[in-house]
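Here are the chains, one letter per residue:
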Amino acid sequence: METNAQESASLHVLERKVDALGEQLALLLEHQRRQQELIDEVLPILREIMRVGITKLDALEQRGYFAFAQESLHLLDALVVSTPPEELRQLGESLGRILRAVKALTQPEVLDMAAQAAQALQHPHAEDAPKGLLGMLKASHDDDVRRGMAVMLEGLRYLGKASVQASAPAEAPRAPRALLGARRLAAPQAAAPQPAPPRRAAAPPPAPAACAAPSQEGADPTWTEARAEEIARALGLGGLSEAHWAVIRFAREDFAAQGRSPNVRRLAQGSGLPIKEIYTLFPKAPGVMAAQVAGIPKPVGCI
Amino acid sequence: MSEDHAPRKVAIICSKGGLDEAYPALILANAARMSGIDAFVFFTFYGLDVITAAKVDHLHVNMAGNPSSPMPTMIAGLPGMERFAAKMMRDRMTELDLPTAREMIEILEGAGAQLYACELAMTMMKVKREELLPQVHDVITAMDFYELAEGAQIIFT
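Residues numbered from 1 in each chain as written. Chains lettered and ligands numbered in written order. Predicted model: local features only at pLDDT ≥ 70, side-chain atom pairs only at ≥ 80, totals over all residues. Heavy atoms only, no water.

**As for the overall build of chain A**
Stage number 1. Regarding its fold elements, chain A presents 13 helices and zero strands.
Stage number 2. Each helix and strand of chain A, ordered N terminal to C terminal, gives the series α-α-α-α-α-α-α-α-α-α-α-α-α.
Stage number 3. Within the span of chain A, comprising 303 residues, buried residues form 20% of the whole.
Stage number 4. If you take every contact in chain A between residues at least 6 apart in sequence, the share linking residues at least 24 apart comes to 54%. (Helix = DSSP H or I, 4+ residues; strand = E, 2+ residues; numbered from the N terminus. Buried < 20%, exposed > 50% of the residue type's maximum accessible area, 1.4 Å probe, protein only. Contact = heavy atoms within 4.5 Å.)

**Details of the pairing of strand S1 (residues 9-14) of chain B**
Two faces, one strand: in a regular strand the side chains alternate between the faces of the sheet.
Residue and element names in this part refer to chain B.
Stage number 1. Across the six residues of S1, five count as buried, placing the element largely inside the fold.
Stage number 2. Considered for its hand, the β-α-β crossover made up of S1, helix H1 (residues 19-34) and strand S2 (residues 38-43) is right-handed.
Stage number 3. With four bridges connecting them, S1 and strand S5 (residues 153-156) associate as parallel partners. When the bridges of S5 are listed, Ala-11 appears paired with Ile-154. (Right-handed = clockwise from strand over helix to strand, strands pointing away. Pairing = 2+ DSSP bridges.)

**Details of a nonpolar patch on the surface**
Stage number 1. Judged by side-chain polarity, Leu-38, Ile-39, Val-42, Leu-43, Ile-45, Leu-46 and Ile-49 of chain A come together as a nonpolar surface patch covering roughly 610 Å² of accessible area.
Stage number 2. By secondary structure assignment, the location of Ile-45 of chain A is in helix H1 (residues 2-63). (Patch = residues over 30% accessible without salt bridge, like charges linked within 9 Å, V, L, I, M, F, W, Y side chains within 5 Å. Areas by Shrake-Rupley, 256 points an atom, 1.4 Å probe, with all protein chains shown as cover. Salt bridge = Lys/Arg side-chain N within 4 Å of Asp/Glu carboxyl O.)

**Quick notes on the interface of chain B and chain A**
Stage number 1. The interface is formed by 20 residues belonging to chain B together with 14 residues belonging to chain A.
Stage number 2. Approximately 1,500 Å² of surface area, both sides summed, lies buried where chain B meets chain A, with 61% of it carried by carbon and sulfur atoms.
Stage number 3. On the chain B side of the contact with chain A, Met-34, Asp-97 and Gly-110 of chain B bury the most area, a combined 36% of that side's loss.
Stage number 4. Inspection of the region where chain B meets chain A yields two salt bridges.
Stage number 5. One salt bridge connects Glu-103 of chain B with Arg-265 of chain A, and the closest N-O pair in it is separated by 2.9 Å.
Stage number 6. Our count for the contact surface shared by chain B and chain A stands at three residue pairs in polar contact (both at pLDDT 80 or more).
Stage number 7. Within the residue set of the side of chain B that touches chain A, elements represented by two or more residues are H1 and helix H4 (101-111) of chain B.
Stage number 8. A total of six residues in the side of chain B that touches chain A trace back to one element, the largest contributor, which is H4 of chain B.
Stage number 9. Considered class by class, the residues forming the side of chain B that touches chain A number 11 nonpolar, four polar and five charged. (Buried area = accessible area lost by both parts, 1.4 Å probe. Polar contact = N/O pair within 3.5 Å; in protein donor to acceptor, adjacent residues only side chain to side chain. Nonpolar A, V, L, I, M, F, W, Y, C, P; charged D, E, K, R; others polar.)

**With respect to the nonpolar core**
Residue and element names in this part refer to chain B.
Stage number 1. One finds Leu-26, Phe-43, Val-50, Ile-51, Ile-105 and Phe-145 to be the most contacted residues of the largest nonpolar core, which totals 52 residues.
Stage number 2. Going through the elements one at a time, S1, H1, S2, helix H3 (81-95), H4, strand S3 (114-118) and helix H5 (119-125) are the ones with two or more residues in this core.
Stage number 3. No other element matches the seven residues that H1 contributes to this core.
Stage number 4. Sequence-distant contacts of Val-50, that is, excluding residues within four places in its chain, are made with Cys-14, Lys-16, Gly-17, Ala-22, Leu-26, Phe-43, Val-56, Leu-59, Ile-105 and Leu-133. (Core = buried A, V, L, I, M, F, W, Y, C linked by side-chain atoms within 4.5 Å.)

**Some points on the packing of helix H10 (residues 242-258) of chain A against helix H11 (residues 264-271) of chain A**
Residue and element names in this part refer to chain A.
Stage number 1. In contact at an axis separation of 9 Å, H10 and H11 are set at 110° when each is read in the N-to-C sense. With respect to their mutual orientation, H10 and H11 come out roughly perpendicular. Note on element contacts: H11 touches H10 through Arg-266, Leu-267, Gly-270 and Ser-271, opposite Ala-246, Val-247, Phe-250, Ala-251, Asp-254 and Gln-258. (Axes fitted to C-alpha atoms, helices over the stretch in contact; angles between N-to-C directions. Parallel < 35°, antiparallel > 145°, perpendicular 65-115°, else oblique.)

**Quick notes on the pairing of S3 of chain B**
All names here are of chain B.
Stage number 1. Across the five residues of S3, four count as buried, placing the element largely inside the fold.
Stage number 2. For S2 and S3, the ladder comprises four bridges, and the chain directions are parallel. By the bridge assignment, Val-41 is partnered in S3 with Leu-115.
Stage number 3. Bridge analysis of S3 against strand S4 (residues 138-140) gives three bridges, and the strand direction is parallel. Counterpart to Tyr-116 in the pairing with S4 is Asp-138.
Stage number 4. Handedness of the crossover joining S3 and S4 through H5 is recorded here as right-handed.

**Considering the packing of aromatic side chains**
Stage number 1. Applying the stated criterion across every chain yields a total of five aromatic pairs over all chains.
Stage number 2. Every member of this aromatic cluster is reached through a ring pair, and the members are Phe-40, Phe-42, Tyr-116, Phe-145 and Tyr-146 of chain B.
Stage number 3. If you follow Arg-252 of chain A out to its NZ or CZ, it ends over the ring of Trp-223 of chain A, 3.8 Å from the centre. (Phe/Tyr/Trp six-rings, centres within 6.5 Å; stacked < 30°, edge-to-face > 60°. Lys NZ or Arg CZ within 6 Å of the ring centre and 35° of its normal.)

**Remarks on H10 of chain A**
All names here are of chain A.
Stage number 1. With 17 residues, H10 should reach 24 Å at 1.5 Å per residue; the first-to-last C-alpha distance of 24 Å fits that figure.
Stage number 2. Taken together, the buried positions of H10 are occupied by His-244, Trp-245, Val-247, Ile-248, Phe-250, Ala-251, Asp-254, Phe-255 and Gln-258.
Stage number 3. Close packing links the buried residues of H10 with helix H9 (225-234), H11, helix H12 (275-281) and helix H13 (286-294).
Stage number 4. In the stretch just after H10, Gly-259 is the one whose phi turns positive, near 80°. (Expected span 1.5 Å × (residues − 1).)

**Some thoughts on the confidence of the model for chain A**
Stage number 1. In this model, chain A carries an average pLDDT of 80, and 81% of its residues clear a pLDDT of 70 or more.
Stage number 2. Within the model, pLDDT remains below 50 along residues 170-215 of chain A, and this stretch shows 55 contacts once partners closer than five positions in the same chain are excluded. (pLDDT = per-residue confidence, 0-100.)

**Here's the deal with the sheet that holds S4 of chain B**
Residue and element names in this part refer to chain B.
Stage number 1. The parallel open sheet is built from five strands, whose spatial order is S4-S3-S2-S1-S5. Two strands close off the open sheet at either side, each with one partner strand: S4 and S5. Within the sheet, the average angular offset between the axes of one strand and its neighbour, ignoring direction, is 25°.

Written out as structure tokens, the structure reads:
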């Protein structure tokens, strides 16, 4: 009897489980039905969206947007590859100026003017074109031509000014630069226009010694009066007279003052002796001989 | 300048009287003397102006027909232009303290360069001996010139 009761109990449990399963199955079926309904409803809408989207994209494609984008990418790539970072930095620094310039260029009146100029370029009046120099002169009587010339001249003036500023040495590195070429000039500025080096290291005051460049050598530091006598004897001058010494002293003083050896004429002027006397005192190349005895470099120049 | 050889010598012929034409002869002669070279200058034809007392201070520069002139020939030919060009050149020379032509002649004499006038040219130009500068050593003929120039290098300007 006991087993019978047990069996009926488990059967009951089983029955309940099957019931629950059936319910769940019904629920699931209901869900699926709803989903199917939803899909059935949404699909046409999606299709419509797809259709419209494709038409739109096709239209864009036909108008060249994609090709443009692709090319733009290439362009950007090329730009990135070819632009070193420091240039980009410079570009960023001058962005404000660029924008200002663009703004100035896109003022309506400027654009009008450009349009008119372009029109004139497209339809030149060949028959009106001035011929030769006289034609040019005649054309310059026209008021419009004059105004145009004034504008061009003014523009040239600014351009010139700006180019001077752009090439000025680094004293004013932040000075406003011209649109044109300024950035290009900015980089090699350090190496660019060095002020011309002084022509000679020790530039003496312009000495009145015609076409004579200063001597580059210095005076003999070991020179003494005794040494002068020795050199004079070696040159065949014999003993040095007071007149000789006047010339030698002047030559040394003048060399110290001017940085160049005096020529014959200057020796005569400085020592107060006539040229003839200089030639007698130092026969044969007196300028050179006097310089040798005085321990200074040979004089240079033509007089 | 070696003493073993015969002394070097130059003979310079000055045949033109322009300021720019006279200076080369004068400067070359002076430079020769400054270098210890014997030098003499033979003044002939218009070169006589350089040793004529009344003309030596008024040597002109002819810009007309001179391709190196900064002035177009048409303008250079206008009256007074050579005087103007000469003044410009003279001013520049003064600025550089270059001696004047007269002074150059004096320097040459002091330096021992000898100056000769051409006899034929003097006859042709009707220049008398007393009109020449006192620094002129002598009046000679072309044949005398060759005699004097023996062993010399001849420079024609």
